[in-house]
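Chain residues, written in single-letter form:
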Amino acid sequence: MEQKQIEVYILGNTRRFVVQTLIRVLQESNLKTTLIDMDSRQINNLPDHPVQLILCLSDDLDTQIIHSLAKKVERSGLHLYLVGKPNKLSIEEETLLKECHPVHFPSWTMNIKSLIKTIETNSRERKSILIVDDEPMLLRSMKALLKDEYEVYLVSSGAAALDFIVKQHIDLILLDYEMPEMTGPDVLRIIRFHEETKKIPVIFLTAKDDKKSVMSVIDLKPEGYILKSHSPEEIKKTIREFFKRTITV
């Protein structure tokens, strides 16, 4: 089967030599490049699923573009790459860009292979998530929330989760903290004990946010906590940010 060509959107001033060079190198590396105007409306028109976008930084970068990028990242999980190092960003603009969790290449003399490798990693098949919870309604709602971006699997007990992960590759487990028979912490202890499962990332999906609960499992090194009371957008944002942190350049 022919491999699908990776598409990369580029936002930058094409009159600049460094931008022209970057485009040419990406095209020579068999990446499909789509140029978009330096206009916030063009960012809003990008597809509503995670896409790859390179922002070529310059000192005349419009604040509205940064705001639009931040909203697009929160809404659709856009993968953002920054190239260059502007000298005139305000504190607010710097904060907004950091909240996008971009991969930043501050020098134009960057390692282009590293950039391409990161783009390829982010373009691979959808990440797989196993949701472990004894509440059927929560399982259904979480699958409805995440199924458009991820391969989502559901189990209703800790024992079922342990059986599942030795048969199926999983990129992330969302694990209920309180379950009958085998609690979330019990499940995580077993996951961490076995060599073949100990490196699987686990985020607790919980109604408990007290310090005692958090500290009791800190030695098991969960990747984080998601409160069930969080809004759907907050939950999706937490998961997107986790997967972006796991990408290494």
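Scroll up for the structure.
Calculation notes
Residues numbered from 1 in each chain as written. Predicted model: local features only at pLDDT ≥ 70, side-chain atom pairs only at ≥ 80, totals over all residues. Heavy atoms only, no water. Helix = DSSP H or I, 4+ residues; strand = E, 2+ residues; numbered from the N terminus. Contact = heavy atoms within 4.5 Å. Areas by Shrake-Rupley, 256 points an atom, 1.4 Å probe, with all protein chains shown as cover. Lys, Arg positive; Asp, Glu negative; His and termini not counted. Charge placed at Lys NZ, Arg CZ, Asp CG, Glu CD. Core = buried A, V, L, I, M, F, W, Y, C linked by side-chain atoms within 4.5 Å. Buried < 20%, exposed > 50% of the residue type's maximum accessible area, 1.4 Å probe, protein only. Pairing = 2+ DSSP bridges. Axes fitted to C-alpha atoms, helices over the stretch in contact; angles between N-to-C directions. Patch = residues over 30% accessible without salt bridge, like charges linked within 9 Å, V, L, I, M, F, W, Y side chains within 5 Å. Salt bridge = Lys/Arg side-chain N within 4 Å of Asp/Glu carboxyl O. Disulfide = S-S within 2.5 Å. Expected span 1.5 Å × (residues − 1). Polar contact = N/O pair within 3.5 Å; in protein donor to acceptor, adjacent residues only side chain to side chain. Right-handed = clockwise from strand over helix to strand, strands pointing away.

K.L.:
Would you explain the overall build of the protein in this entry?
P.N.:
Looking only at helices and strands, the protein features ten helices and ten strands. If you line up the protein on its principal axes, its C-alpha atoms span 65 × 45 × 30 Å. Taking the intrachain contacts of the protein between residues at least 6 apart in sequence as the baseline, contacts between residues at least 24 apart amount to 67%. When the accessible area of the protein is evaluated, it comes to approximately 14000 Å², of which 50% is carbon and sulfur surface. Between the mean site of the 35 positive side-chain charges and the mean site of the 37 negative ones, the protein shows a separation of 4 Å.

K.L.:
Mind showing me how you'd approach the nonpolar core here?
P.N.:
In globular proteins that are soluble, nonpolar side chains generally tend to be buried together. One finds L11, L46, L53, L55, L69, L78 and L80 to be the most contacted residues of the largest nonpolar core, which totals 21 residues. Residue assignment for this core shows that the elements contributing at least two residues are β1 (7-11), β3 (52-56), α3 (63-76), β4 (79-83) and α4 (91-99). For L69, the residues in contact, after removing those within four places along its chain, are I43, L53, L55, L80 and C100.

K.L.:
Honestly, the sheet that holds β1 in this entry has me stumped. Any pointers?
P.N.:
The pairing of strands in a sheet happens through backbone hydrogen bonds and is either parallel or antiparallel. With parallel pairing, the five strands of this open sheet are ordered in space as β2-β1-β3-β4-β5. Of all the strands in the sheet, the pair left with one neighbour each is β2 (32-36) and β5 (103-105). For this sheet, the mean angle separating the axes of adjacent strands, direction not counted, is 25°. Looking at chain direction, β4 and β5 are connected through three bridges and run parallel. The residue bridging L82 from the neighbouring strand is H104, located in β5. The strands touched by helix α5 (residues 112-122) within the sheet are β1, β3, β4 and β5, with β4 carrying the most contacts at an inclination of about 170°.

K.L.:
Which parts of the structure should I look at to understand the environment of M179?
P.N.:
On the secondary structure map, M179 appears in the loop between β8 (172-176) and α8 (184-193). Sequence separation of M179 and D134 is 45 residues, and the distance between their C-alpha atoms is 6.3 Å. Not counting residues up to four positions away in its chain, the partners in contact with M179 are V132, D133, D134, G158, G184 and V187.

K.L.:
I would appreciate a short explanation of a negative patch on the surface in the present structure.
P.N.:
Residues E74, E99, E233 and E234 make up a contiguous surface patch of negative charge. Of note, E99 is situated in helix α4. Judged by its relative accessible area of 43%, E99 falls in the partly exposed class.

K.L.:
Looking at this structure, how should I read the state of the cysteines?
P.N.:
Defined simply, a disulfide is a covalent bond joining two cysteines at their sulfur atoms. The full count for this structure, using the stated rule, is zero disulfides. Looking at the unpaired C100, the closest cysteine sulfur is the one in C56, lying at 16 Å.

K.L.:
Any chance you could explain the environment of G184 here in plain terms?
P.N.:
Residue position: G184 is located in helix α8. Taking relative accessible area as the criterion, G184 reaches 0% and is therefore assigned buried. Measuring from C-alpha to C-alpha, the distance between G184 and G84 comes to 44 Å, with 100 residues separating the pair along the chain. In contact with G184, not counting residues within four places along its chain, are L175, D176, Y177, M179 and F204.

K.L.:
What should I look at first to understand α3 in this one?
P.N.:
Within an α-helix, residues lying three or four positions from one another point in the same direction, as the helix has 3.6 residues per turn. Spanning 14 residues, α3 covers 20 Å between terminal C-alpha atoms, matching the ideal 20 Å at 1.5 Å per step. All of the buried residues along α3 are I65, I66, S68, L69, A70, K72, V73 and S76. Looking at the buried residues of α3, the elements they touch are β1, α2 (40-44), β3, β4, α4 and α10 (232-245). N-cap assignment for α3: the residue whose side-chain oxygen lies 3.2 Å from the backbone N of Q64 is D62. Looking one or two residues past α3, G77 carries a phi angle of roughly 75°, positive in sign.

K.L.:
What exactly am I supposed to notice about the pairing of strand β7 (residues 151-155) here?
P.N.:
Looking down a regular strand, the side chains alternate between one sheet face and the other. Two elements, strand β6 (residues 128-132) and β7, share five bridges in a ladder whose sense is parallel. Note that in β7 the partner of S128 across the bridge is E151. Taken together, β6, helix α6 (residues 136-146) and β7 form a β-α-β motif whose crossover is right-handed.

Purely geometric numbers; function is a separate question.
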